[in-house]
Each structure stands twice: as C-alpha cells, then as structure tokens.
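Observations on chain architecture
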Amino acid sequence: MRRLLSFGLVALALVATIVSAAAQPFTGGEASRVARAANALSARIAAYHRGPGGWTGYTPVPPGYCGTMREGEAVLKELARLASRAILYRLPGLALDLQAAGNRLGDALDEEEMINLVAGIPYTVFPCPVEGRPYPARATALYIVVARMPACRTQADVTRVSFAARRTLMQQCLR
C-alpha cells in the first residue's frame, strides 16, 4: 500500500511538472530567434539563384546546399508552429511578423525548388540534388523562374493566405 501511495505521489508530481511547463506564458524570445534564422536562411537560399556568386548549374552542387535547404524546411515548420501559438496567446502582431518571415523563407524555398524542377535536376532525397555533376539546364531555368517570381510574390501577397496555401499558390504560379 505504501509503495502504491508513493508511486501515485510521484506520478502526480510528474504530471504537475508537465502541466506547469505547458502552461508557461508564450514569449517572443524564441519567436524572434526563429524569425532571425528564417531571414538569414532566406538570404542564403536566395543567393543560390541571385547575385554574382549564385549557382548557375555549370558547376556541381555547392557544398552546404542540401543542409541549407533542409534547414529552411525545418525552420519554416517551426515558424508555422510559433505563429499558431502566437495566435493562441492573442499576439496578432507577433503572428504577422512570423508569417512575414515564413513567407520570405517559403518563397525562397519554392523558387529554388521550381528552378531545379524546371531544369530537370534529379534528387537523391528531397531537397538534395544528386551531387557531383553539373546541371547546365539550370542556367536557363534560372532565367525563366526568376523572371516570374515578382509577379507570383505579388499575387500571393494579395491573397493573404496561410503558409501551406501560399506555398501551393507559389508553386502553381511559378510553373
């Protein structure tokens, strides 16, 4: 009986700890950190298809490309989770800031994905292209997709849709 009672008290203490941790107030610290990471990733991903040092496809896949794209997908999911949590805690300004960071990151990811799709670049595991060889068709795809991007971004901004709906809209528009 004593053993059962002590086990019950330990179980209650564990449940109380879990509930109190879940009930902690939502602060913007984590959200700010993730938004900054998203903005940095957006710039890094955009550098693959913009600017003088971008990957045109005449060389093999740049080192770190796969890791950057995977990190971008993971951070985008975290932004969506935090934006939902900000809405739950009635912080609409924070939710909109997180969505804006997510929109920039999602647009950069979608643009890069569409460039690779149009260029016919094969993947080992999404979003990682087969490494070790050049993809010259990427240069043409860059020109086509990058030219469409501003109009697609404007169309997505006007519709003001959620993360997932925006990604779908951007992918359809860029085709």
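What counts and what doesn't
Residues numbered from 1 in each chain as written. Predicted model: local features only at pLDDT ≥ 70, side-chain atom pairs only at ≥ 80, totals over all residues. Heavy atoms only, no water. Helix = DSSP H or I, 4+ residues; strand = E, 2+ residues; numbered from the N terminus. Buried < 20%, exposed > 50% of the residue type's maximum accessible area, 1.4 Å probe, protein only. Core = buried A, V, L, I, M, F, W, Y, C linked by side-chain atoms within 4.5 Å. Contact = heavy atoms within 4.5 Å. Disulfide = S-S within 2.5 Å. pLDDT = per-residue confidence, 0-100. Axes fitted to C-alpha atoms, helices over the stretch in contact; angles between N-to-C directions. Parallel < 35°, antiparallel > 145°, perpendicular 65-115°, else oblique. Left-handed = near helix turned anticlockwise from the far one by under 90°. Nonpolar A, V, L, I, M, F, W, Y, C, P; charged D, E, K, R; others polar.

1. Notes on the side chain of Arg-138
Mapped onto the fold, Arg-138 is located in helix H5 (residues 137-159). Accessibility expressed as a relative area gives 0% for Arg-138, which makes it buried.

2. Structural notes on the nonpolar core
Val-75, Leu-79, Leu-98 and Leu-105 are the most contacted members of the largest nonpolar core, which totals 38 residues. Elements with a contribution of two residues or more to this core: helix H2 (28-49), helix H3 (65-88), helix H4 (92-119), H5 and helix H6 (163-174). If we skip the residues at most four places from it in the chain, Leu-105 touches Ala-38, Leu-41, Ser-42, Ile-45, Gly-72, Val-75, Leu-76 and Leu-79.

3. Some words on the state of the cysteines
One pass over the full model with this rule turns up two disulfides. Disulfide pairing is shown between Cys-66 and Cys-128; the S-S distance is 1.6 Å. Residues Cys-66 and Cys-128 are joined by a disulfide whose S-S torsion is about 55°; by sign, that bridge is right-handed. Taken together, the residues Cys-66 in helix H3 and Cys-128 in strand S2 (residues 128-129) connect sequence positions 62 residues apart.

4. A closer look at the confidence of the model for the chain
Residues at a pLDDT of 70 or more form 85% of the chain, whose mean pLDDT is 83. Element-level mean pLDDT values for the chain span from 43 in helix H1 (residues 2-22) up to 94 in H3. Below a pLDDT of 50 lies the segment residues 3-22, which in the model reaches one contact outside its immediate sequence neighbourhood of four places, other chains included.

5. Side note on the environment of Gln-171
Residue position: Gln-171 is located in helix H6. Counting along the chain gives 61 residues from Gln-171 to Asp-110, while the straight-line C-alpha distance between them is 6.3 Å. Here Gln-171 is in contact with Asp-110, Glu-113 and Met-114, once residues within four sequence places are set aside.

6. Here we look at the environment of Glu-131
Inspection of the secondary structure assignment puts Glu-131 in the loop between S2 and H5. Residue class for Glu-131 comes out exposed when judged on its relative accessible area of 53%. When the C-alpha positions of Glu-131 and Cys-66 are compared, they lie 9.4 Å apart, and in sequence the two are 65 residues distant. Those residues in contact with Glu-131 that lie beyond four places of it in its chain are Val-61 and Cys-66.

7. Remarks on the packing of H4 against H5
Angle between the axes and distance between the axes: these two values describe a pair of packed helices. With their axes 8 Å apart at the nearest point, H4 and H5 run at an angle of 140° to one another. Taken together, H4 and H5 sit at an angle that is classed as oblique. In the crossing of H4 with H5, the sense of the turn from one axis to the other is right-handed. From H4, Asp-107, Glu-111, Glu-112, Met-114, Ile-115, Asn-116, Val-118 and Ala-119 reach across to H5, where they touch Ala-137, Arg-138, Ala-141, Leu-142, Val-145, Val-146, Met-149 and Arg-153. Residues of the contact of H4 with H5, tallied by class, amount to 10 nonpolar, one polar and five charged.

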